[in-house]
Amino acid sequence: MAHMTNLRARIAADRQLWTDFNAICDCGGRLAGTAGERKAFAVLEAQAEAATKARGRSITVPYGGWSAKNARLRLPGEQWVACHALVRSVATSPGGLTAEVIDLGRGTPEEFAAHADDITGRIVLVRHELMFAAGTIHRRRKYMAALQAGAVGFLIAGSVAGQTVAGSSGRQDGPGIPAAGITPQAAAALRRTARGWPVATLLIETEEGPAQTRTLVFDLPGRSDEWVVLSAHVDGHDGSESAMDNASGLAAVLAVLRALASQVKDFRRGVRATFFSVEEWALIGSAQYVAALGQAAHRTIALNVNLDCVGGSHSLAALTSGFAGLEPFLLRVAEAMGIPLRTVRPLMQNSDHANFALAGIPAFRLVAGFDDPNANLRYLLTPSDTRDKVEETELQQAAMLSAAIVADACNALPQHALQWRKARLA
Ligand SMILES: [Zn+2]
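Assigned secondary structure in the protein consists of 13 helices and 14 strands. Here the C-alpha radius of gyration of the protein, 22 Å, is about what a compact globule of 426 residues would show, namely 22 Å. For the protein, the C-alpha atoms occupy an extent of roughly 70 × 45 × 40 Å along the three principal directions. Within the protein, the fraction of its 426 residues that count as buried is 57%. In the protein, once contacts between residues fewer than 6 apart in sequence are set aside, the share between residues at least 24 apart is 83%. As displayed, the protein has an accessible area near 16300 Å², and 52% of this comes from carbon and sulfur atoms.

Once that is clear, we can look at the side chain of Glu280. Position of Glu280 among the secondary structure elements: in the loop between β10 (270-276) and α8 (284-293). Comment: no salt bridge for buried Glu280; closest opposite-charge side chain is Arg139, at 5.7 Å. If we ignore the near neighbours within four places in the chain, the residues touching Glu280 are Arg140, Ser168, His233, Asp235, Gly236, His237 and Asp245.

Turning to the nonpolar core, a few remarks are in order. Most often, soluble globular proteins keep nonpolar side chains buried together rather than apart. Judged by nonpolar contacts, the single largest core of 98 residues is most densely connected at Phe275 and Leu303. For this core, the leading source of residues is helix α7 (residues 243-260), giving 13 residues. Apart from the residues within four sequence positions on either side, Leu303 is in contact with Trp227, Val228, Val229, Leu326, Phe329, Pro362, Ala363, Phe364, Ile405, Ala409 and Trp420.

In this section: the coordination of the zinc ion. On the protein side, the zinc ion has His233 (NE2), Asp245 (OD), Asp308 (OD) and Asp308 (OD) as donor atoms, found 2.1 to 2.4 Å from it. Given four donor atoms and angles of 55 to 142° at the metal, the environment of the zinc ion is assigned as irregular.

Thresholds, definitions, all that
Residues numbered from 1 in each chain as written. Predicted model: local features only at pLDDT ≥ 70, side-chain atom pairs only at ≥ 80, totals over all residues. Heavy atoms only, no water. Helix = DSSP H or I, 4+ residues; strand = E, 2+ residues; numbered from the N terminus. Rg over C-alpha atoms; globule rule 2.2 N^0.38 Å. Buried < 20%, exposed > 50% of the residue type's maximum accessible area, 1.4 Å probe, protein only. Contact = heavy atoms within 4.5 Å. Areas by Shrake-Rupley, 256 points an atom, 1.4 Å probe, with all protein chains shown as cover. Lys, Arg positive; Asp, Glu negative; His and termini not counted. Salt bridge = Lys/Arg side-chain N within 4 Å of Asp/Glu carboxyl O. Core = buried A, V, L, I, M, F, W, Y, C linked by side-chain atoms within 4.5 Å. Donors = N, O, S within 2.8 Å, 3.2 Å for Na, K, Ca; no water. Tetrahedral: all angles 85-135°; square planar, octahedral: opposite > 155°, others 65-115°.

Pasting the structure below:
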């Protein structure tokens, strides 16, 4: 385990990690299609080239471009407040969408079912949930439930006072309903009263059209044609620095590259770093990447290590996507590094690792603050996802663990790597 001590020391001494994190936050929220996203790619390209001494290659990613020009909500009593149009929300008519609002609380399937007769023609209001918790119901599922029940609009309220919540509606092309994130105060003003359902006006102006971004790939070949893919997503949401989500993961990937670059040529497998975008838009970048690889190439990927939200808490979890055979390996590396790690097995389609997992490639997401309602991760998707929520030692710890996992995965014996592909423990 000599190399583990080495990795620890190297990353602890790597001042560039914190510099990179701040430089990525400086790009702003990095919503796909914005100048901030492009600037972040340029920062990553320069830093990854410096780390690897290799040239990156860019894969073009076409997607349905979208931006919100205006988003406002008029509460009962004629007061207009800010709201945040969900990514790919359809526009309202220029005069806005005026309708009654039905508050379905958290927005569980039970709440939708019990109100099946009340939803048609109304705007559904639900709550945003802590994203990293067992049993979380994803915003996109609630949006789909509202759409299917005949709602004419969709509002989702965050829990941070005074802050709207962002996110994707999950709509691709075609029909949809206007959808926006609101503050908890606005949600409180939309309570049903004895007089009936409150009436609100939602105004959303958008622009849509074909757009393209890229996936940026750096290859550090090992001694075989097999790879360990280390990934993180570049894009985020406007209105914040998208610091935890996911400047933290991007900076950690760069630190892992710096720590390992000079050694990879002697590894059994190579390290491939992939920087994806339009992750926040239903994982589009990684979906296109994995689909284009084809099945033969899928077999050459031993493991996908996906870093998404690795700062904001010192507690780390690996979301192992159903690959039970991967868990003993991850726990062994974490114990050898002296970094506590929890494994969480259900496949969670909440980041790019899901597309690898769905293709049968062992894949996990490293994430901080899982199941901890007090962790700073509660500020995700709000304007408070800023750099002050992250400590340098959190990034160092995540980078150390990731580097050790990547190094050991690159060097694992073929019969051990085969175990990772198993969904059940022997
Ligand atoms: Zn993310």
